[in-house]
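Now for the letters of each chain:
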Amino acid sequence: ARRGCQRDPRGDGVHLARTHLPLHQLRHGPPAPIRLSGQTQSARRRRGAGSRGALESMALLEINGVNLWVEKEGSGPAMVFVHEFGGDHRVWREQIDHFRDRYRCVAFNARGYPPSDLPDEAEAYGQDIAIADMLGVLDALNIDKAHFVGLSMGAYNVLRFALDHPDRVLSLTAASGGSGSYPA
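Residues numbered from 1 in each chain as written. Predicted model: local features only at pLDDT ≥ 70, side-chain atom pairs only at ≥ 80, totals over all residues. Heavy atoms only, no water.

Draft legend 1. Region of the structure containing the pairing of strand S7 (residues 146-151). Among the 6 residues in S7, 5 count as buried, and that is most of the element. Across 5 bridges, the pairing between strand S5 (residues 78-82) and S7 is parallel. Considered in S7, the bridge of Val82 is made with Gly150. Handedness of the S7-helix H4 (residues 153-164)-strand S8 (residues 169-175) crossover: right-handed. (Buried < 20%, exposed > 50% of the residue type's maximum accessible area, 1.4 Å probe, protein only. Helix = DSSP H or I, 4+ residues; strand = E, 2+ residues; numbered from the N terminus. Pairing = 2+ DSSP bridges. Right-handed = clockwise from strand over helix to strand, strands pointing away.)

Structure (structure tokens):
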């Protein structure tokens, strides 16, 4: 079995043991970004012929006491992509390639998904914190309103964000929304 995984005792699949790595990183390893010191430094890659997928800017931004990995590309109205539990910002590459000529595309890694920070305390995670982090990303990038796109866990987060902050949402797309609800 791979590090961080163990065989299901019933033999019908693999389930995760307690680990700090999301499933995609157990399969492929963490992304190999340029680690940036400071809150707003960015790295740029040349955008020329054949550079499809090149990043305009990426940075670790301090949001709510943790560093979150944020990538942005393009110009125009903001479109924020929120990843699912088993993925990270990279799952949105094809969508960003499609929309970057008309929108300011933003994708970020949630806390607990490297190269974003991985707080040890259980209290550093939760739905309310995820929503606060989304708001923090908007504020750090000076985005007043955005279109939101979320997948699975990200779909639930964008729905919750829209309920809590309707004045910051231009539209939302929630694909394969996860389960969950407000406490009773």
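Draft legend 2. How the structure looks around the pattern of salt bridges. Per the stated rule, a full pass over the model turns up 9 salt bridges. Residue Glu73 is joined to Arg100 by a salt bridge in which the shortest nitrogen-to-oxygen separation is 2.9 Å. Placement of the pair is Glu73 in strand S4 (residues 66-73) and Arg100 in the loop between helix H2 (93-99) and strand S6 (104-108), with a sequence separation of 27 residues. The class of Glu73 is buried, set by a relative accessible area of 1%. Exposure remark for Arg100: the relative accessible area of 11% places this residue in the buried category. Arg100 is paired through a salt bridge with Asp97; the nearest N and O atoms lie 3.0 Å apart. Linked by salt bridges that have partners in common, Glu73, Arg93, Asp97 and Arg100 make up one network. (Salt bridge = Lys/Arg side-chain N within 4 Å of Asp/Glu carboxyl O.)

Draft legend 3. Seen up close, H4. Under the 1.5 Å per step criterion, the end-to-end length of H4 is 17 Å for 12 residues, consistent within 8% with the ideal 16 Å. Every buried residue belonging to H4 is among Gly154, Ala155, Tyr156, Asn157, Val158, Arg160, Phe161 and Ala162, and all of these are buried. Buried residues in H4 make contact with S5, helix H3 (127-140), S7 and S8. (Expected span 1.5 Å × (residues − 1). Contact = heavy atoms within 4.5 Å.)

Draft legend 4. View of the sheet that holds S7. Spatially, 6 strands are ordered S3-S4-S6-S5-S7-S8 in an open sheet, and the strand pairing comes out mixed. With partners counted over all chains shown, the strands left at the sheet margins are strand S3 (57-63) and S8, one partner each. Between one strand axis and the next, the sheet turns through 25° on average, direction left out of account. Relative to the sheet, H3 contacts S3, S4, S5, S6 and S7, its axis offset from that of S3 by approximately 120°. (Axes fitted to C-alpha atoms, helices over the stretch in contact; angles between N-to-C directions.)

Draft legend 5. Quick look at H3. Helix length check: H3, at 14 residues, gives a terminal C-alpha distance of 20 Å against a target of 20 Å (1.5 Å per residue), a fit within 8%. The complete set of buried residues in H3 reads Ile131, Asp133, Met134, Gly136, Val137 and Leu138. Here the buried face of H3 lies against S3, S4, S5, S6, S7 and H4. Phi turns positive one or two residues past the end of H3, at Asn142, with a value near 55°.

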